[in-house]
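# Overview (structure and organization)
So you can see what is in the structure, the chains are spelled out below.
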Amino acid sequence: MARVELRQLRYFVAVAEELNFGRAAERLLIAGPSLSQQIKALERDLGVRLFDRDRRKVSLTPAGAALLPHTRALLDRADDLRQRAGRLSGSQAVRLGYVNWLPPDLTSRTAAVAQVHVDAWVAPSHTQAARVADGSLDLAVCWVRSEDLERLGLQARLIGADRLYAVARGGGSSTAPDVAASDTDVLIDEDVTSWASWNVYGEEFARATGARTVHISDGAITGPAFFDHVRRCTRPVVNSPKGQTNPLPPDLVRREIVAPKPYWTWSLVRRESENRAGVLAVVDALCDGIGDLGIGAPDAWLPAGDPHALPG
C-alpha cells in the first residue's frame, strides 16, 4: 500500500462530515477538483472505495463508515503529538504578569516548554486578572475569588500560598507567643484601586474570626508606614502578603496567628478558552506537584470565595 498522508485523512473526514465535496472544499480552503483528486488517490492507496457519489448526493460506503472513527482517532493522536512537540520545543513566548510574588524556580521549571516573558508592569491582583481576560497577558500570578474567575472567563490553579502572621510591639525577644485571630487588627485602606483584593480579604477575615478592622488612608498596608501603624495599635496587626519578606525593625516582633491560621493563596490564572500548547505547558510546569501548601489543614482559614478552599 502506498504512503497515506495525514492531509488526505483530514480531507476524508471533512467530506464524510459534510457529505458534499463543494462544502468540504470551502471548509478546507482548497479547490473542489483538487479535493476530489485527493480523495480518489486516498481510495486508491487504501484499496477501498470510501464514498458513493453521483450528481445529487454523496454517501459513505460501508468501508468508509467503518474507517471513519479510526481515522478520527489517528488524527487526534497526530494533533496530540504535535502539541507535545510544541511544548518540548520551548519556542512559544508566554507573557506572565504578577503582583509581588513569583516562584523562585520559575525559569528552571519553564525553560524546556516555553519562553516566559515576565511583564514589567507590576499591578494589583484584580488588574492582572483583568489583563489576562482581555488578552494583554497570557498568565498571571494573583489572588482571585471564584466569582472573579466566572465573571472574567478565567481558570485558576494553585501555585503558592503565604501563611499570614501578625506584627506587634515588643522587640528584643527571639520568640513571641502566638496570637488568636480574634485578638488581631487588620488594616483596611480607602484606596480601593491599589488595595481592593486585600480589603476584601481583610474584611472577610474580620467578620469570620472576630478580628478588628482599622481603616486607614495612607496606603500603609505594607512598608515603613505599616510599622508606624503597628506601633500605634494596641493589638498585633495582620501582615499582608506584600510584607511577608520585609525585615522587622528591632522594636517589633512577629507573632504567629492561630485559631484559625490565615492563608493567602496565589493562583496562576489563564483564560478558559486558552488552547495554545506553550501556555498550557507553562501552567503544568509551574503547578503540577504543588500540593495543598498547608491550606487543607483543619485549622487553616481561607475566604469563602477562594477557588482553592476545600468544600465544607
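Computed from a predicted structure; not experimentally measured. Each chain has its residues counted from 1, following the order in which its sequence is written. Since the coordinates come from a predicted model, pLDDT governs what is reported: local features require at least 70, and pairs of side-chain atoms require 80 or more to be given and counted, while whole-chain, interface and lining totals use all residues. Excluding hydrogens and water, the side-chain figures rest on all heavy atoms present in the structure.

For the rest of this paragraph, the subject is the overall build of the protein chain. Counting its regular elements, the protein chain contains ten helices and 14 strands. Throughout, radius of gyration means the C-alpha value; the globule benchmark is 2.2 Å times the number of residues raised to the power 0.38. What you see for the protein chain is a C-alpha radius of gyration of 28 Å, clearly larger than the 20 Å of a compact globule of 312 residues, by over 25%. If you line up the protein chain on its principal axes, its C-alpha atoms span 90 × 35 × 35 Å. Only protein chains enter the area calculation, which uses a 1.4 Å probe; residues under 20% of their type maximum are buried, those over 50% are exposed, and those in between are partly exposed. Every one of the 312 residues in the protein chain was classed for burial, and the buried ones make up 43%. Methods summary: accessible areas were calculated by the Shrake-Rupley approach with a probe of 1.4 Å, and residue burial reflects only the protein chains presented. Roughly 15700 Å² of accessible area belongs to the protein chain as shown, and the carbon and sulfur atoms make up 52% of that amount. When charges are counted, Lys and Arg are positive and Asp and Glu negative, with His and the chain ends excluded. Taken as the charge centre is NZ of Lys, CZ of Arg, CG of Asp or CD of Glu, depending on the residue. Charge centroids of the protein chain, computed over 37 positive and 38 negative side chains, lie 8 Å from each other. Under the DSSP-based scheme used, a helix requires at least four consecutive residues in state H or I and a strand at least two consecutive residues in state E, with every element numbered from the N terminus.

Looking now at the nonpolar core. Each nonpolar core is a collection of buried residues, namely Ala, Val, Leu, Ile, Met, Phe, Trp, Tyr and Cys, held together in the definition by side-chain atoms within 4.5 Å. If you look at the biggest cluster of nonpolar residues, it comprises 55 residues, and the most contacted ones within it are Leu139, Trp198 and Leu268. Broken down by element, the residue count for this core peaks at seven residues, all from helix α10 (residues 277-287). Among all residues touching Trp198, those that are not within four sequence positions of it are Leu164, Val186, Leu187, Ile221, Val238, Asn239, Ser240, Pro241 and Trp264. Here, two residues are considered to be in contact whenever any of their heavy atoms come within 4.5 Å of each other.

Turning to helix α1 (residues 6-18), a few remarks are in order. If you check α1, its first and last C-alpha atoms are 19 Å apart, about what 13 residues at 1.5 Å a residue would give, namely 18 Å. Every buried residue belonging to α1 is among Gln8, Leu9, Tyr11, Phe12, Val13, Ala14, Val15 and Ala16, and all of these are buried. A positive phi of about 50° marks Leu19, the residue just after α1. Given the number of residues in a helix, its expected span is that number minus one, multiplied by 1.5 Å.

Here we come to the pairing of strand β10 (residues 212-216). For two strands to be treated as a pair, DSSP must find at least two bridges joining them. Note that strand β9 (residues 185-189) and β10 share five bridges and pair parallel. Counterpart to Ile188 in the pairing with β10 is His215. One crossover worth recording links β9 to the parallel β10 by way of helix α8 (residues 192-209), and it is right-handed. A right-handed crossover is one whose linking path, passing over the helix from the first strand to the second, runs clockwise when the strands point away from the viewer.

Before going further, it helps to spend a moment on the packing of aromatic side chains. Pairing of aromatic rings covers Phe, Tyr and the six-membered ring of Trp, with a centre-to-centre limit of 6.5 Å; geometry is then stacked below 30 degrees between planes, edge-to-face above 60, and tilted otherwise. Evaluation of the coordinates by the stated rule reveals twelve aromatic pairs. Ring plane angle 35° and centroid distance 6.0 Å describe the contact between Trp198 and Trp264, whose orientation is recorded as tilted. Pair noted here: Trp198 is in helix α8 and Trp264 is in strand β13 (residues 261-271), with a separation of 66 residues, a long-range link. Judged on exposure class, the residue Trp198 and its partner Trp264 are both buried. With a centroid separation of 5.1 Å and 55° between ring planes, the pair formed by Tyr201 and Trp264 is classed as tilted.

Once that is clear, we can look at the pattern of salt bridges. Side chains that differ in sign of charge can pair as their charged atoms come close. In the sections that follow, a salt bridge refers to a side-chain nitrogen of Lys or Arg positioned within 4 Å of a carboxyl oxygen of Asp or Glu. All told, the structure shown has 26 salt bridges when counted by the stated rule. The salt bridge involving Glu147 is made with Arg145; its shortest N-O contact spans 3.5 Å. As a salt-bridge pair, Asp185 and Arg212 come within 2.9 Å of each other at their nearest N and O atoms. Of this pair, Asp185 sits in strand β9 while Arg212 sits in strand β10; the two residues are 27 residues apart in sequence, bridging distant segments of the chain. Here Arg212 falls in the partly exposed class, since its relative accessible area comes to 38%. Where salt bridges share partners, they join Glu17, Glu18, Arg23, Arg27 and Arg72 into one cluster.

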